[in-house]
Protein chains: 2
Amino acid sequence: MTDPRERFQMPPFYCPIEPALHPEVDMIEKRAIAWIDKVGIYDDEAQRSRVIGTNSAEFFSRFAPGGIDDNVLLAAQWVYWGFAFDDVRCDRGPLSDRPDRFVQVAGRVQRVLEAPHSVDTAEDPYLGALHDIGLTMRELATPTQVRRFIDAHRAWLHAVAWQIGNQARNEMPGLDDYITMRLGSCGGFPTMALLEIGNGAEVPDSEMDHPTVRAATEAALLTAGLDNDLHSYRRELQQQHTDQNIINVLIRHEGHDLQRALLEAVGLRDRIMQLYLRLHAQLLPQASDALRTYLTCLGRGIRGNIDWALRVPRYTDSTPPEASAPEAQHRRPTCTDTPSDDTAGPPSAVPSIAWWWDRVQHHR
Amino acid sequence: MTDPRERFQMPPFYCPIEPALHPEVDMIEKRAIAWIDKVGIYDDEAQRSRVIGTNSAEFFSRFAPGGIDDNVLLAAQWVYWGFAFDDVRCDRGPLSDRPDRFVQVAGRVQRVLEAPHSVDTAEDPYLGALHDIGLTMRELATPTQVRRFIDAHRAWLHAVAWQIGNQARNEMPGLDDYITMRLGSCGGFPTMALLEIGNGAEVPDSEMDHPTVRAATEAALLTAGLDNDLHSYRRELQQQHTDQNIINVLIRHEGHDLQRALLEAVGLRDRIMQLYLRLHAQLLPQASDALRTYLTCLGRGIRGNIDWALRVPRYTDSTPPEASAPEAQHRRPTCTDTPSDDTAGPPSAVPSIAWWWDRVQHHR
């Protein structure tokens, strides 16, 4: 018998949204690489290749295909920065099981974004690069957009600290805790906060702070976050280590085998995706132009994240040599318009997101 | 020779702001105590007394002396909750040197505030009580005010995690790190976010997100945070342990003796207080009514915090029996209208807050 993990195959992603890409993606990437070289967020050539290989310019060009060139560039810079920071300071660096150290780094990182001109950044290129992003952001974005990004950034770091704390205890969180944590740790809050900056269209607070818009935002970014769990799971199988992700949570805590866990994970993800689509449709008729663009780009983000993940070395590169070319074919699932689970209403096992479904208006 | 710590005496607080108190403070306290008993944020009678003895109703009634009764009550409930949570989960509880555990608790706490009806709160009265506060807040406050409080709450927990991380390594942070951390860990962000809720007056985003308003907010709450450092330092002397606070930071990292550290700390605090007053005066003429109320209440908060601290058992109770009545007299410093240090411009040793001074408009 073969190990079922060897037969692991990704089902197609339920995503009835067309792909899109900013027409200036190549120019944006070129300028972003020049910035990476300027701020120096790598130690050596291999790390430089890895940072550039995150294809972050392509990534965000899919999120905001109609965005303003300079603003999409700024957003892409942050995405490159986020991946680089993640590699050296979060997931895989020496802090990955040192929550005490990580929260200190996170506190400094957050402050350098919040407070311009405040830190001697020559010592730490990651701080310097983020400081530079903050300065440019104050030029290109409105104070409200900047504040939203700052708050979203803190939410991300807060959740990454939680993840690192679990890692330090070698503990796999339960499902509801995991979903709460993943909502923040996937980086979706700052990424989605960059949408209105990329598009140069500030959403009024009365709309952005509305619980239904918040629910749509959370649903969209968690969909993408769970998709990334599936992408990275396969890579982790190859690397023989088990990080905190939706599949491992379901295997560990629900006693599922891999196949069942995969089904459940995709089912949950599909229900969340459907909720986003529903809230999107519900909000559109009354939405301001800026909100309409924002909500639509949330969906572009889900689709863009899938399309990006299928090409990016981060998920497709196989470290072990046994990954053969034909197998690589199997690792390219496509999208489908049919959800694997179309149950209405909230998943009972995840109370921390149940309120999203309360935002759905039912016609009588 | 006597230990200089035994002669430690607090200088008067520079605070040219008149005291004020909500006229319904007694009724608010009575209702708050009924709520404390309902949600049960204590394990035994001693802990109940400690929670009630934080005088949080009086505390917030000084911050928002003209606030709406129900809203000031809600704010007071959160302050009681915050002190109770701090005692059992942050500063002094079993998590006080377990950053890995604290970030998990903080993640759950934050989510129960963000996401209504999401957690089985019967298991943990602290979660249940905060959930209850969130529900009431959604009734009494606007979505934007609620969102601001939620983001401020996360900033607090984020900084407390940093503090606990330092504690775990038994490390006294450097001055700039300490100020950045203290800005968040003192709880000023959520407390000040309750001002506009208490007053029932939403500050427009174009004003609240303006860097000058942000600088005034940070300066005011850090003034109060440093005042609390001075209050608690004396208690810590009595308890013979040295927590992270401004005095210990200056002693440890600048090589100052206690008297010099006290002078420096008070000087820094007074410069920050003067900056708040300056930005307040600068902003007032153009401010909306809601912003004017908010900015004025920041100052009421500084003064109210001093007046509250002089009476509250948290700072005035002396655990060791040697604290005699005459000595207690010395522990009641008053306010003065003259700053101990009136140097203009930012303190060079604290780059993370230097940008506040950039917000001062100089007349030509």
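Parameters and conventions
- Residues numbered from 1 in each chain as written.
- Chains lettered and ligands numbered in written order.
- Predicted model: local features only at pLDDT ≥ 70, side-chain atom pairs only at ≥ 80, totals over all residues.
- Heavy atoms only, no water.
- Contact = heavy atoms within 4.5 Å.
- Buried area = accessible area lost by both parts, 1.4 Å probe.
- Salt bridge = Lys/Arg side-chain N within 4 Å of Asp/Glu carboxyl O.
- Polar contact = N/O pair within 3.5 Å; in protein donor to acceptor, adjacent residues only side chain to side chain.
- Helix = DSSP H or I, 4+ residues; strand = E, 2+ residues; numbered from the N terminus.
- Buried < 20%, exposed > 50% of the residue type's maximum accessible area, 1.4 Å probe, protein only.
- pLDDT = per-residue confidence, 0-100.
- Least-squares fit on C-alpha atoms with pLDDT ≥ 70 in both.
- Core = buried A, V, L, I, M, F, W, Y, C linked by side-chain atoms within 4.5 Å.
- Axes fitted to C-alpha atoms, helices over the stretch in contact; angles between N-to-C directions.
- Parallel < 35°, antiparallel > 145°, perpendicular 65-115°, else oblique.
- Left-handed = near helix turned anticlockwise from the far one by under 90°.
- Disulfide = S-S within 2.5 Å.
- Phe/Tyr/Trp six-rings, centres within 6.5 Å; stacked < 30°, edge-to-face > 60°.
- Expected span 1.5 Å × (residues − 1).
- Arc of directions from axis to C-beta.

Thoughts on the interface of chain A and chain B
Thinking step 1. Contacts between the two partners involve 43 residues from chain A and, on the opposite side, 42 residues from chain B.
Thinking step 2. Summing both sides of the interface, chain A and chain B together bury roughly 3,600 Å²; the carbon and sulfur share of this comes to 52%.
Thinking step 3. Taken together, the links from chain A to chain B amount to 12 salt bridges.
Thinking step 4. Of the charged contacts in the structure, one is a salt bridge between B:E218 and A:R111, with a shortest N-O distance of 2.9 Å.
Thinking step 5. Our count for the contact surface shared by chain A and chain B stands at 16 residue pairs in polar contact (both at pLDDT 80 or more).

Focus on the environment of A:P23
Thinking step 1. Examined against the element boundaries, A:P23 turns out to sit in the loop between β1 (13-14) and α1 (25-39).
Thinking step 2. For the pair A:P23 and A:R182, spaced 159 residues apart in the sequence, the C-alpha separation amounts to 32 Å.

Brief notes about unusual backbone geometry
Thinking step 1. One non-glycine residue, A:N55, lies in the positive phi region at around 50 degrees.
Thinking step 2. For A:N55, the position within the fold is in the loop between α2 (45-52) and α3 (56-63).
Thinking step 3. Positive phi outside glycine occurs at B:N170, with the angle close to 55 degrees.
Thinking step 4. Relative accessible area serves as the criterion here: at 70%, B:N170 is assigned to the exposed category.

Considerations on the confidence of the model for chain A
Thinking step 1. Overall, the predicted model of chain A reaches an average pLDDT of 90, with 90% of residues at or above 70.
Thinking step 2. Long-range and interchain partners of residues 318-330 of chain A, a stretch whose pLDDT sits below 50, account for 9 contacts in this model, where long-range means more than four residues apart.

Some remarks on the relation of the copies chain A and chain B
Thinking step 1. Screw-axis analysis of chain A against chain B gives a translation of 0.0 Å along the axis, an RMSD of 0.0 Å, and a rotation angle of 180 degrees. Viewed as a symmetry operation, the transformation between the two copies matches a two-fold axis.
Thinking step 2. Comparing interface residues between copies, 98% of those in chain A also lie at the interface in chain B; the contact surface is shared.

Section: the nonpolar core
Thinking step 1. Counting 243 residues, the largest nonpolar core has A:W81, A:W356, B:W81 and B:W356 as its most contacted members.
Thinking step 2. Setting aside its immediate chain neighbours within four residues, B:W81 contacts B:W35, B:I41, B:V109, B:Y126, B:A129, B:L130, B:I133, B:H153 and B:W156.

A word on the packing of helix α7 (residues 143-168) of chain A against helix α7 (residues 143-168) of chain B
Thinking step 1. Relative orientation of the contacting elements α7(A) and α7(B) amounts to 45 degrees, with a least axis distance of 10 Å. Taken together, α7(A) and α7(B) sit at an angle that is classed as oblique. Relative to α7(B), the crossing made by α7(A) is left-handed. Of the residues in α7(B), those touching α7(A) at A:R147, A:D151, A:R154, A:A155, A:L157 and A:H158 are B:R147, B:D151, B:R154, B:A155, B:L157 and B:H158.

Some details on the environment of B:Q9
Thinking step 1. Take B:Q9: it is sitting in the segment before β1 (13-14).
Thinking step 2. Expressed as a C-alpha distance, the spacing of B:Q9 and B:L230, which sit 221 residues apart in the sequence, is 10.0 Å.

Looking at the state of the cysteines
Residue and element names in this part refer to chain B.
Thinking step 1. Considering all chains together, one arrives at 0 disulfides over all chains under this definition.
Thinking step 2. Here C15 is not disulfide-linked; the sulfur of C335 is the nearest cysteine sulfur, at 4.9 Å.
Thinking step 3. Taking the relative accessible area as the measure of exposure, C15 reaches 1% and is therefore buried.

Re the packing of aromatic side chains
For any pair of aromatic rings, the description rests on two quantities: the centre-to-centre distance and the angle between the ring planes.
All names here are of chain A.
Thinking step 1. Per the stated rule, a full pass over the model turns up 20 aromatic pairs over all chains.
Thinking step 2. With centroids separated by 5.7 Å and ring planes inclined at 15 degrees, the aromatic side chains of F60 and F63 adopt a geometry described as stacked. Highlighted residues: F60 and F63, both in helix α3, separated by 3 residues, approximately one helical turn.
Thinking step 3. Measuring from ring centre to ring centre gives 4.8 Å for W81 and F85, while their planes differ by 10 degrees; the resulting arrangement is stacked. Placement of both W81 and F85 in helix α4 (residues 69-89) is noted, with a separation of 4 residues, approximately one turn of the helix. Here W81 and F85 have matching classes, each one buried.

Observations concerning the pattern of salt bridges
Thinking step 1. This model, assessed by the stated rule, comprises 56 salt bridges over all chains.
Thinking step 2. Between A:E45 and A:R48 there is a salt bridge, and its shortest N-O distance comes to 3.4 Å. In this pair, A:E45 and A:R48 both sit in helix α2, 3 residues apart, roughly one turn of the helix.
Thinking step 3. Linked through salt bridges whose partners overlap, the residues forming this network are A:R147, A:R148, A:E196, A:D205, A:D209, B:R147, B:R148, B:E196, B:D205 and B:D209.

Observations concerning α1(A)
Residues and elements named next belong to chain A.
Thinking step 1. For α1, spanning 15 residues, the distance from its first C-alpha to its last is 21 Å, which sits close to the expected 21 Å at 1.5 Å a residue.
Thinking step 2. Taken together, the buried positions of α1 are occupied by V25, I28, A32, W35, I36 and V39. Projected down its long axis, α1 carries its buried residues within an arc of 105 degrees, all on one side. Exposed positions of α1 whose direction lies more than 90 degrees from the buried face are D26, K30 and K38.
Thinking step 3. Where the residues of α1 are buried, they touch α2, α3, α4 and α6 (125-140).
Thinking step 4. One or two residues past the end of α1 sits G40, with phi positive at roughly 70 degrees.

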